Structures are given as structure tokens and as C-alpha cells.
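A closer look at the structure
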Amino acid sequence: TKWATSLPRYPNTNMALQNFDAAYGLQLGRLWPSVRCGLLSQKKYGALLNNFCDHRAVVSDLQDQGCGDFVGATQLEAPISPMGPERGGVSEDMADSGETEKSHGGNQDSTPLSLSSDIKCFVFPRGDITRFKSARPDQSRLLSYYLLDAASVLPCLVLDVQEGHSVLDLCAAPGGKTIALLQTQAIRFLSVNDSSVSRTSRLKNVLHSFIPNHLLSTDRLRVTSLDGTQWAEFETNTYDRVLVDVPCTTDRHSATEEDNNIFSKIRTGERKRLPQLQTDLLLAGIKAARPGGEVVYSTCSLSQLQNQYVVQQALQLARQEGIHLQVVSLQPLVHMLSGTFNFAPDLLLGEMVVPHLTANFGPIYMCKLRRLC
Amino acid sequence: QHDHGKSYPGQPVARELSVRSFLDMGFTDTQAELLHDTVSKAKGSAAAQQTLTSLTALFVLGLNPSSVLKVLEKCPELHHIKESQLTQRINHLRKLGLVEGSLQRVVAHYPQILTVPVKRVKTVVLFIREKCLFTVQQVAEIIRDSPAVVLEDLGQLEYKFQYVFFRMGVKQAEMVKSKLFRFPLEEVRCRHCFLERRGLYQTPDKKGQTLIENPKLSQILHTDRETYLVDIARGTAEEYDTFGKMMAREWQEEERRERDIGAD
Ligand SMILES: C[S@@+](CC[C@H](N)C(=O)[O-])C[C@H]1O[C@@H](n2cnc3c(N)ncnc32)[C@H](O)[C@@H]1O
């Protein structure tokens with residue numbers, strides 16, 4: 001017979017939840033119960049289409065199942081330009097809080113938001129919980145799609161990779177976002193880094209399963225296992241685009257999996273140091289970008305301390321070193337994709353996809369910065 | 001002991017079941033014709049006799065003609081049950097503590113209970129008392145409020161009890177009060193899990209304490225969907241619908257895992 005007994009003890013996930021209840025209860029208020037329920041329930045995937053495969057059959061199969069490419073759907077609409085209230089004022093409010101200086105606050109961008117092209121990601125409609133089958137290799141042994149949290153495609157989209165760009169992916173393993181960036185087929189040189197050696201080797205395997213060999217040659221792609229915080233000793237003022245997808249409390253994982261959980265007692269120190277590490281990584285990414293270049297910072301946590309706060313800190317530190325940045329509004333993206341994702345309302349800086357049962361993606365936080373000088 | 005002027009089945013007068021005899025029992029014209037129809041279709045005097053015994057037993061229980069008719073409509077099997085069995089079953093229910101009034105209500109709401117052999121009812125009652133530690137009095141209330149338990153799978157019944165006892169931390173008295181056994185396990189679990197994941201329900205610790213105030217079991221179960229969602233879960237219908245689909249899948253997978261482990 002079946003037995004239903006008291007809940008087994010889950011020390012790590014319980015610790016994570018207690019933490020979240022306290023922090024996010026306050027931060028998200030009335031939204032929290034619904035976000036919490038999403039975090040604790042089956043997440044939803046997206047199928048990032050591999051342009052290096054002949055994927056016509058796959059696409060029509062996905063379409064028959066009722067999925068659609070959420071990126072393509074937005075590109076059918078008019079060019080994306082900022083909507084709604086100007087976000088410049090918002091940045092100034094933030095500056096008033098004393099954390100950052102006023103000067104960057106007024107630098108709110110008002111040119112239309114342009115997105116990386118050729119990234120296609122299929123998702124099932126809202127409320128549909130059908131799961132994707134895992135992708136099968138084609139004749140060239142490449143996989144036709146990569147399954148990931150569809151919201152993690154957004155930082156890659158807003159990075160706006162253009163023809164001939166050099167791009168740095170500072171914390172890249174296991175490589176979902178790298179695969180997405182490469183779909184643009186526009187990158188002249190891609191530098192892929194992750195401090196973890198084992199994860200870097202996993203990343204290489206992923207690259208070989210999705211990208212043809214000739215695009216992985218050393219003159220086009222460099223894979224390193226360096227400490228990203230020290231990047232400036234290696235390269236500065238170099239890249240057109242930099243993605244800084246930092247290690248974080250990985251909220252969904254921490255709320256549901258005991259293993260490898262950052263809320264375990266022995267990792268308390270590591271967890272407390274995260275905002276500092278994140279700030280260092282973002283600052284390194286900013287320095288690696290050339291003047292005029294763009295940086296996207298992203299996490300998969302809901303935590304203000306790891307999101308807005310880190311961005312503020314990095315902006316301030318950069319300024320002290322004479323680097324000025326402009327926060328690029330992502331409101332147009334939010335406006336266009338609010339049918340697919342649930343965005344948190346009223347963030348001071350950046351945008352955030354929050355879990356919701358009917359569209360259980362995220363959490364993904366992202367903030368885009370343009371380096372002025 | 002019966003009213004004068006009415007003849008009751010079982011008495012020699014009414015061996016032949018004419019429309020007239022039904023009218024005599026107090027049925028209205030339409031009711032009488034309906035009954036007569038049913039009985040004539042049954043064919044054979046044995047069948048007619050059976051209907052008579054059922055009617056008698058139901059009248060003796062004190063049900064009025066229209067309730068009797070409804071009961072027979074809801075549960076046509078009653079036409080075919082022997083009088084002795086019927087009497088035995090009714091007596092047994094009385095012995096379990098279903099006093100006058102509640103016995104009639106149970107039969108009116110769930111006439112199927114009279115199709116269940118005494119032995120089965122005894123097994124279920126013993127099971128509820130021994131495995132779930134309900135008192136005699138509580139068992140009577142359970143049967144009164146949720147008579148369908150007598151036909152429920154015992155494994156399921158035990159699981160439901162354990163779920164509410166251990167996972168929700170609810171004691172027997174409150175289970176009885178909230179008429180828990182009326183609700184299918186899936187519904188109980190779904191409503192509870194939805195709250196739990198939203199952070200609105202906590203399993204009490206050993207001392208029975210929680211950090212938040214849990215809603216009462218009866219509030220969780222006895223509100224209609226809309227009220228449950230708005231007042232208790234503070235969620236939308238879309239969320240809850242999706243959640244239901246997810247839960248169904250999660251539980252299927254859980255069961256499959258358990259079967260696989262069992263098969264090893
Ligand atoms: C959120 S994950 C990146 C996920 C990846 N961008 C993707 O989309 O698949 C963060 C990564 O940062 C790496 N990391 C941690 N500390 C680092 C550091 N100091 N420098 C570079 N990478 C680091 C971790 O090994 C981990 O793989």
C-alpha cells in the first residue's frame with residue numbers, strides 16, 4: 001500500500017524557502033504567493049532552434065504540436081521603440097537614493113531597442129504544460145534544438161549582436177546563452193569563459209553538439225577557464241558586446257533541489273559573498289567592453305541584492321574609474337513579450353521575468369548598459 | 001402502527017401491483033403510473049414481489065412517497081434486494097449509531113448504501129476505527145456525512161487519512177467536522193498543495209505549531225472554487241487550472257516511480 005507520512009526533512013530547500021519568504025515577501029508583496037508557487041512547480045522550457053541544422057521538419061513538427069517561436073512573433077510587429085513613461089526619471093530616482101551619482105541618471109536611452117537577429121525559440125502557449133521531447137541529432141550529428149528556460153534567451157536577444165561584432169561571454173557554462181548568441185551568425189570573434197574547468201569542458205561538448213566545426217576554429221572562438229573578476233588584467237576596452245551571466249542563488253534550483261544547494265550550511269559564506277562577486281564580474285565585463293560597446297548583466301534570481309543593487313554598485317565603481325554608462329531601457333521588450341512572459345512591475349533598473357504557473361519561466365533578471373566612454 | 005385507510009404492501013390485499021395500489025400507498029397519480037410502469041417492465045411476480053419488499057422497507061424507514069420514488073430512481077438495484085437483507089442492513093446501520101432522522105437522510109441521499117452487504121460495512125468501520133483511530137461516535141458521523149466511504153477502496157481511504165493527518169496536521173475531530181471523506185483525494189491534495197506552494201499553508205511541527213495561521217480544513221474544502229481562489233488561495237482560475245494539470249502529472253510520475261521501486 002501507499003503511505004503518506006509527514007514531510008521528509010529537506011534542510012536546504014527549506015532554508016532557501018525561509019529566506020525567500022522573508023526577502024521576496026517584502027520585495028514582491030502580493031505577487032509573492034503566485035511567484036512562489038511557480039518556483040515550486042514544474043518549470044517550462046523553450047526549444048532554442050539550431051540554425052545550423054536543417055530544421056524544417058522539426059519546426060513543422062513543433063508547430064503541429066501547437067508551439068510557436070515567441071521571438072519571431074514579436075519581430076512581425078513594428079520596430080521596437082521605447083514605450084510608456086520615460087525610464088530616465090526612474091534612473092534619477094535611483095540616483096537620488098545616494099547609491100549612484102546623478103550624471104548617469106539623465107542618460108536614459110531613447111533610441112529604439114534593437115535585438116539580436118535570427119534567434120528562434122519555440123514555446124507552448126500559456127497554460128499548456130506539454131513537454132518537449134529531447135532533440136535528436138540530424139545527419140551532420142548536430143542537435144536541432146537546445147532546451148532551456150525560454151526566458152534565458154532574453155539577455156541574448158537584448159544584447160543586440162550585429163554583423164562583425166566581437167563578443168565576450170564571461171560566465172558561459174554550460175552554454176545555453178552561448179548557443180543562442182551563435183545563432184545570429186553575425187559574430188566575428190567570440191570569447192567564451194567560465195572559471196570552472198569542469199563546466200568549461202561541458203560547455204565545449206555542448207558547442208560541438210550544436211555548432212559546426214568550422215565555426216569553432218580558434219580565429220573565431222576562444223574558450224578560457226579564467227576567473228572573470230580578473231579579466232581586466234587580460235583584456236580591456238575590447239568587445240562590442242559583453243554578456244555577464246553571473247553565478248547567483250539560482251532560486252528555482254535552490255527551492256526544489258537538495259543537491260548542490262547554495263543554501264546548505266557549508267555554503268553560507270559563498271552565498272553571502274555573491275553580491276560582491278557579481279559586482280566584480282559586472283565591473284570586469286564593463287571594462288572589457290569598448291567605449292560605445294554594450295553590456296548585459298543577468299541572473300536567475302529574484303533578489304534585489306543580486307540584481308538592481310549589483311548594477312548600482314558597478315555603475316558607481318565604474319564611474320570612479322572614469323567609465324560612464326547609460327542604462328538602456330528594456331521596456332519595449334517587456335511590452336512586446338508580456339504575452340509570453342510575466343514581467344515584474346516597476347523595477348528601478350532592468351527587467352525581470354518572474355515565474356507564474358501559466359507561463360512558468362524564470363526567474364531571469366537582466367539589465368542592459370551602454371558604455372559611453 | 002400504520003395509518004388507517006392505506007393498505008401497505010406485504011399485506012395480502014396488495015399482492016397485485018396496480019396503479020390503484022400505488023395510489024393507496026400515497027403516491028400521486030404520476031408517481032403511481034411511473035412505478036407501475038417500472039414494475040410491469042420488470043415482469044414476473046417475483047420481480048413485483050421484490051419491488052414490494054423494497055417499498056415496504058423504505059416506508060417502514062419513514063420515507064414519504066416522493067422520497068421513496070426518488071430513492072428508487074437513484075438506485076434501481078433496490079428493486080432486486082431481498083427483504084431480509086434490506087432489513088438486516090438497515091438494522092446494522094442503526095446499530096452503528098445512525099439515529100432516526102440521520103438514517104433517513106443517509107438513505108435518501110445515498111440509497112446505494114442499502115446495496116452494500118453488512119459484512120463490507122463492518123470491514124470498513126473496523127478499518128476506520130483501527131487504522132485511523134476514529135471513535136465509535138466519529139465513525140457514525142462519518143457514515144452519516146459521507147456514506148459513500150463504505151464503497152471506497154480501503155487503501156485510498158487510508159492514504160487520504162494519512163495525508164490529512166500527517167501532511168496537513170489535522171486531527172480526527174476536525175476531519176469529521178469538515179466532512180473530509182466526502183471529497184476525493186485528488187481534490188483535497190490539489191487544494192492543499194496549491195496553498196502550501198503559495199506559502200499559505202504549513203505542516204505543523206511536533207508541537208502542532210506553525211509560523212503562519214493555516215486556514216481550517218473546512219474552509220479549504222467547503223468553499224466553492226471561486227471563493228476558495230479569491231479568499232483563501234488568492235490566486236486566479238487560470239493558475240489553479242494549470243496547477244491541477246501539473247499535479248495530475250506529478251502524481252502519475254510519483255506513482256510510476258513507486259511501482260518501479262516496488263518491482264525491483
Ligand atoms: C548562471 S551560470 C552561467 C550560465 C550560462 N551563461 C548559460 O546560459 O548556460 C554562472 C557560471 O559562472 C561561473 N562562474 C562562477 N564564478 C566565476 C568567476 N569568478 N569567473 C567566471 N565564471 C564564474 C560558474 O562556473 C557558472 O558556470
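Below or above, wherever it landed, is the structure these notes cover. Just so it is clear, the model here is predicted, and its values are computed rather than measured. (Residues numbered from 1 in each chain as written. Chains lettered and ligands numbered in written order. Predicted model: local features only at pLDDT ≥ 70, side-chain atom pairs only at ≥ 80, totals over all residues. Heavy atoms only, no water.)

1. A few points about the overall build of chain B
Along its length, chain B carries 14 helices and 0 strands. When the elements of chain B are put in sequence order from the N terminus, they spell out α-α-α-α-α-α-α-α-α-α-α-α-α-α. If you line up chain B on its principal axes, its C-alpha atoms span 70 × 40 × 40 Å. The burial tally for chain B puts 47% of its 264 residues in the buried class. Taken as a whole, chain B presents about 14,000 Å² of accessible surface, with 52% of it coming from carbon and sulfur. Computed over 38 positive and 35 negative side-chain charges, the separation of the two mean positions in chain B equals 4 Å. (Helix = DSSP H or I, 4+ residues; strand = E, 2+ residues; numbered from the N terminus. Buried < 20%, exposed > 50% of the residue type's maximum accessible area, 1.4 Å probe, protein only. Areas by Shrake-Rupley, 256 points an atom, 1.4 Å probe, with all protein chains shown as cover. Lys, Arg positive; Asp, Glu negative; His and termini not counted. Charge placed at Lys NZ, Arg CZ, Asp CG, Glu CD.)

2. Considering the interface of chain B and chain A
With 24 residues of chain B at the interface, the matching set in chain A holds 22 residues. When the buried area of chain B at its contact with chain A is split by residue, R197(B), M246(B) and R249(B) rank highest and sum to 27% of it. Counting every contact that joins chain B to chain A gives 1 salt bridge. Two residues, R131(A) and E253(B), come together in a salt bridge whose shortest N-O distance is 2.3 Å. Across the contact surface, chain B and chain A share 11 residue pairs in polar contact (both at pLDDT 80 or more). Taken together, the elements giving at least two residues each to the side of chain B that touches chain A come down to α9 (154-167), α11 (185-197) and α14 (237-263) of chain B. No other element matches α14(B), which puts 12 residues into the side of chain B that touches chain A. Of the residues contributing to the side of chain B that touches chain A, the split by class is 6 nonpolar, 4 polar and 14 charged. (Contact = heavy atoms within 4.5 Å. Buried area = accessible area lost by both parts, 1.4 Å probe. Salt bridge = Lys/Arg side-chain N within 4 Å of Asp/Glu carboxyl O. Polar contact = N/O pair within 3.5 Å; in protein donor to acceptor, adjacent residues only side chain to side chain. Nonpolar A, V, L, I, M, F, W, Y, C, P; charged D, E, K, R; others polar.)

3. Quick notes on the site of the ligand
Residue and element names in this part refer to chain A. Around the ligand sit 21 residues in total, of which D194, R199, D227, G228 and D245 are the nearest. For the ligand, a nitrogen atom lies 2.6 Å from a polar atom in the side chain of D245. For the ligand, whose unbound accessible area comes to 600 Å², protein coverage reaches 86%. Elements that contribute at least two residues to the shell around the ligand include exactly α8 (176-182) and α12 (274-288). Of the residues belonging to the shell around the ligand, the class tally is 10 nonpolar, 6 polar and 5 charged. (Near = heavy atom within 4 Å.)

4. Side note on the sheet that holds strand β4 (residues 145-148) of chain A
Residues and elements named next belong to chain A. Read across the open sheet, the 4 strands follow the order β2-β3-β1-β4; overall the sheet is antiparallel. Because the sheet does not close on itself, it has two edges, and the strands there are β2 (68-69) and β4. Bridging between strand β1 (residues 46-49) and strand β3 (residues 121-123) involves 2 bridges; their strand directions are antiparallel. Within β3, the residue paired with A47 across the bridge is F122. (Pairing = 2+ DSSP bridges.)

5. Side note on the pattern of salt bridges
Residue and element names in this part refer to chain A. One pass over the structure, following the stated rule, counts 20 salt bridges over all chains. Where E270 meets R267, a salt bridge forms, and the shortest distance between an N and an O atom there is 2.8 Å. Salt bridges linked by common partners bring D160, R241, E294, K368 and R370 together as one network.

6. Structural notes on the state of the cysteines
For the structure shown, the criterion picks out 0 disulfides over all chains. C193(B) provides the cysteine sulfur closest to C37(A), a residue in no disulfide bond, and the two sulfurs are 9.3 Å apart. In this model C67(A) remains outside any disulfide bridge; the closest cysteine sulfur is found in C121(A), 9.9 Å from its own. (Disulfide = S-S within 2.5 Å.)

7. A word on unusual backbone geometry
Residue P174(A) is reached from A173(A) by a cis peptide bond, and omega for that bond is 0°. As for its placement among the helices and strands, P174(A) is situated in the loop between β5 (165-169) and α8. Following G362(A), the chain continues into P363(A) via a peptide bond in cis, with omega recorded as 0°. Positive phi, normally seen in glycine, also occurs at L133(B), with a value near 55°. Tracing the backbone shows L133(B) in the loop between α7 (118-132) and α8 (136-145). Residue class for L133(B) comes out exposed when judged on its relative accessible area of 61%.

8. Some thoughts on the packing of α7(B) against α9(B)
All names here are of chain B. It is the contact of α7 with α9, at a shortest axis distance of 11 Å, that shows an interaxial angle of 30°. Between α7 and α9, the angle is such that the two are roughly parallel. You can see that α7 and α9 cross each other, and the crossing is right-handed. Here R120, T123, V124, F127, I128, K131 and C132 of α7 lie close against α9, whose contacting residues are L154, L157, E158 and F161. (Axes fitted to C-alpha atoms, helices over the stretch in contact; angles between N-to-C directions. Parallel < 35°, antiparallel > 145°, perpendicular 65-115°, else oblique. Left-handed = near helix turned anticlockwise from the far one by under 90°.)

9. As for the packing of aromatic side chains
Residues and elements named next belong to chain B. Counted by the stated rule, this structure contains 18 aromatic pairs over all chains. Between F194 and Y240 the ring centres are 4.9 Å apart and the planes differ by 70°, which places this aromatic pair in the edge-to-face class. Of the two residues, F194 is situated in helix α11 and Y240 in helix α14; the sequence distance between them amounts to 46 residues. The pair formed by F194 and Y240 is uniform in burial state, with each residue classed as buried. (Phe/Tyr/Trp six-rings, centres within 6.5 Å; stacked < 30°, edge-to-face > 60°.)

10. As for the packing of α12(A) against helix α13 (residues 308-320) of chain A
All names here are of chain A. The geometry of α12 relative to α13 is characterised by a closest axis approach of 9 Å and an angle of 50° between their N-to-C directions. In terms of orientation, α12 lies oblique with respect to α13. Handedness of the crossing formed by α12 with α13: right-handed. Contacts from P275, Q278, T279, L282, L283 and I286 in α12 reach V310, V311, Q313, A314, L317 and A318 in α13. Across the contact of α12 with α13, the residue classes break down as 9 nonpolar, 3 polar and no charged.

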